[in-house]
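Read off the chains here:
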Amino acid sequence: MRNRRLAISSALAASLDLALLLSVSRQATLVGQVASAHQTETISIDAQAPGRAFPHYWERMFGSGRAILSLRESYRRDLREVKQATDFEYIRFHAIFHDEVGLYNEDADGKPSYNFSYVDQIYDGLLANGVRPFVELSFMPEKLASTPSRQAFWYKPFNSPPKDWDRWGELIEGFARHLFARYGIEEVSRWYFEVWNEPNIDFWAGQPKQATYFHLYDVTARALKQVSPQLRVGGPATAQAAWVDAFIRHCQEQNVPVDFVSTHVYGNDSAEDVFGTRENIPRDQMVWRAVKKVRGQVKASAMPGLPIIFSEYNASYMNEVDVTDSSFMGPWLANTIRQCDGLVDILAYWAFSDVFEEQGVVKRPFYGGFGLIAVGHIPKAVFNAFELLHQLGTERLPVDSESAIATRRKDGSLAIAAWNCVPPGNGCAAKQITLSFRGLAGADQARIQLVDRTHGNSFAPWVAMGKPDFPAREQQEQLRKAARLGEPRDFTLDPGESGRLTLTLEPQSLALIEIVNRASN
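For every chain, the first residue of the written sequence is number 1, and numbering continues from 1 along that sequence. Reporting in this predicted model follows two pLDDT cut-offs: at least 70 for local features of residues, and 80 or more for side-chain atom pairs to be given and counted; totals over whole chains, interfaces and linings ignore these cut-offs and use all residues. For side-chain calculations, the full set of non-hydrogen atoms in the structure is used, while hydrogens and water are omitted.

Novice: Mind laying out the packing of aromatic side chains, listing which residues take part and the relevant values?
Specialist: Stacked, edge-to-face and tilted labels apply to pairs of Phe, Tyr and Trp rings (six-membered ring for Trp) whose centres lie within 6.5 Å, assigned for plane angles under 30 degrees, over 60, and everything in between, in that order. Under the counting rule described, the total for this entry stands at 38 aromatic pairs. Taken together, the ring pairs in this structure connect F97, F139, F153, Y155, W168, F175, W196, F203 and W204 into an aromatic cluster. In this structure, R232 is placed above the aromatic ring of Y192, and the distance from its NZ or CZ to the ring centre is 3.9 Å. Between the NZ or CZ atom of K293 and the centre of the ring of F275, over which it lies, the distance is 5.7 Å. By definition, being over a ring means that NZ of Lys or CZ of Arg is both within 6 Å of the ring centre and within 35 degrees of the ring normal.

Novice: Mind laying out helix α3 (residues 117-128), listing which residues take part and the relevant values?
Specialist: Counted at 1.5 Å a residue, the expected span for α3 with its 12 residues is 16 Å, and the 16 Å between its end C-alpha atoms agrees. Among the residues of α3, V119, D120, I122, Y123, G125 and L126 are the ones counted as buried. Residue contacts follow a heavy-atom distance rule, with two residues in contact if any of their heavy atoms lie within 4.5 Å. Secondary structure elements are defined from DSSP: runs of H or I of at least 4 residues count as helices, runs of E of at least 2 residues count as strands, and each element is numbered from the N terminus. Here the buried face of α3 lies against α2 (73-86), β4 (90-93), β7 (132-137) and α4 (165-183). Following α3 by one or two positions, G130 adopts a phi angle in the positive range, close to 75 degrees. Any helix carries an expected span of 1.5 Å times its number of residues minus one. Remark: exposure states derive from per-residue accessible area (1.4 Å probe, protein chains only) relative to the maximum for the residue type, with buried under 20%, exposed over 50%, and partly exposed in between.

Novice: Could you give an account of the environment of F93, with specific residues and numbers?
Specialist: Secondary-structure assignment places F93 in strand β4. When the C-alpha atoms of F93 and V135 are compared, they prove to be 7.4 Å apart, with 42 residues separating the residues in sequence. Sequence-distant contacts of F93, defined by excluding residues within four places in its chain, comprise S64, G65, R66, A67, Y75, I122, Y123, L126, F134 and E136.

Novice: So what's going on with α4? Which residues, and what values?
Specialist: Given 3.6 residues per turn, any residue in an α-helix points the same way as the ones three and four places further on. If you check α4, its first and last C-alpha atoms are 27 Å apart, about what 19 residues at 1.5 Å a residue would give, namely 27 Å. Considered for burial, the residues of α4 that qualify are W168, G169, L171, I172, F175, A176, H178, L179, F180 and Y183. The residue sitting at the N-terminus of α4 and contributing the capping side-chain oxygen is D164; that oxygen lies 2.9 Å from the backbone nitrogen of D166. In the segment just after α4, G184 is the residue with positive phi, at about 90 degrees. Whenever a nitrogen or oxygen atom comes within 3.5 Å of another N or O atom, the pair is scored as a polar contact, on the condition that within protein one atom can donate a hydrogen and the other can accept it, and that pairs from neighbouring residues in sequence are kept only if both atoms are in side chains.

Novice: I'd love a proper account of the pattern of salt bridges, names of residues and values included.
Specialist: Only one rule defines a salt bridge in this text: a Lys or Arg side-chain nitrogen within 4 Å of an Asp or Glu carboxyl oxygen. Inspection of every chain in the model, using the stated rule, returns 32 salt bridges. Between R66 and E357 there is a salt bridge, with its nearest N and O atoms 3.1 Å apart. Remark: E357 occurs in the loop between β12 (346-349) and β13 (373-374) and R66 occurs in the loop between β3 (61-63) and α2; sequence separation between them is 291 residues. Note on R66: relative accessible area 8%, which makes it buried. By relative accessible area, E357 is classed as buried at 7%. Put simply, K163 and E106 hold a salt bridge, and the shortest N to O gap is 3.1 Å. Taken as a pair, K163 in the loop between β7 and α4 and E106 in strand β5 (residues 104-106) lie far apart in primary sequence, 57 residues in all. K163 sits in the partly exposed class, given a relative accessible area of 44%.

Shown next, in the form of structure tokens:
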């Protein structure tokens, strides 16, 4: 699609109705939604204002399906696609010690042996695609488990403590020494090692949970540091932003090494689980509030400088089609990034792909899966949201708005995300946002891209096909085409220091607006 340019006659303003320019139908509504009169907001942006550092903490790491799935070409194909869109650095998955990986065994006399064949293929594949492991040390090998207890996932991981703590420590040490021998200290020291996954819920069967997990952490962390003090180890990797204060206190009192803290939260977690209150915290507030809670605990602890990593988060831990498969995720994601900026070092979206089998083999492309890419290599709206947000700059400019992030890039151009975040199923209205600029200093072109129900969204075309469980190859290709971001629309602004740009955003829309100098672009 060719770019479209429109000269604006006013010397001081450019007023564009994005809904018309991009042919967005104002009549189109999701089930349960009714469009009503426009909301309006004016956002002032000073292009020359002092900015502050804006690291892209939300795209440094993604979660994924369990370790063994990374050997599949479908997994690696999706990995490459997300890497190209976000340039992310780390991947985290469960179950590197699951028996299907084949690492741990014992002979008839109970003597342990290690087989690193699949481990090597797993990590070789990640590194070959430019991604490093964030190593979650889980779960318990069957022959090392103290009980037959298993977690409920389809692949039934053993969740018990080890039958022999010394053997667990030897496994960790042998694992780390092998990684050093294969990849070298310089490489492996750039990885992270996280002890277990969500020990405060059903992934850990030790009793009492916290005390036995802390012992697991102690043995694991000391075994890793025995190999090299350069290895980075942390935890408690809890669900519901739990245990962080107690975990730091334990490590400080027992002199146990810790290099970062990690935990998880989801937008539909309950206030009672996360905060111990009976509040009704909306989905678009939960992640930010949990991050703020954990940051406060770290800063008040004896180790206030510990990096904070939320190694899982999403808008939902359930399968909600109208959430994770829909265009709702674009504005939800952008708003979460706005809220959590400056409070967390890494915010790792769970997960990058629906090559994922916690509930069994996936039965249809859209089922409320966590991934950015649906089965069949079909990008969702949230994939395109990540691709747009990747283009934000490295300096954040001040704006008085809860519906926008304004940034400046290294070349001086501006990149602004603006959105209309509306909960799924609610009555809602289009929103008119006017961007009022100062200090443009020669920038004369606005470039706009959009993700909403009809732009960069494969879900609606799938519904129109009749929701096929197993789309034909031709249908899959049609869905991939529907998922593509359209070419940016370019609009010429009259030269000058000031300007205005008016956008009409339909519910559940995310727009990226770039303000650039046409001559240098």
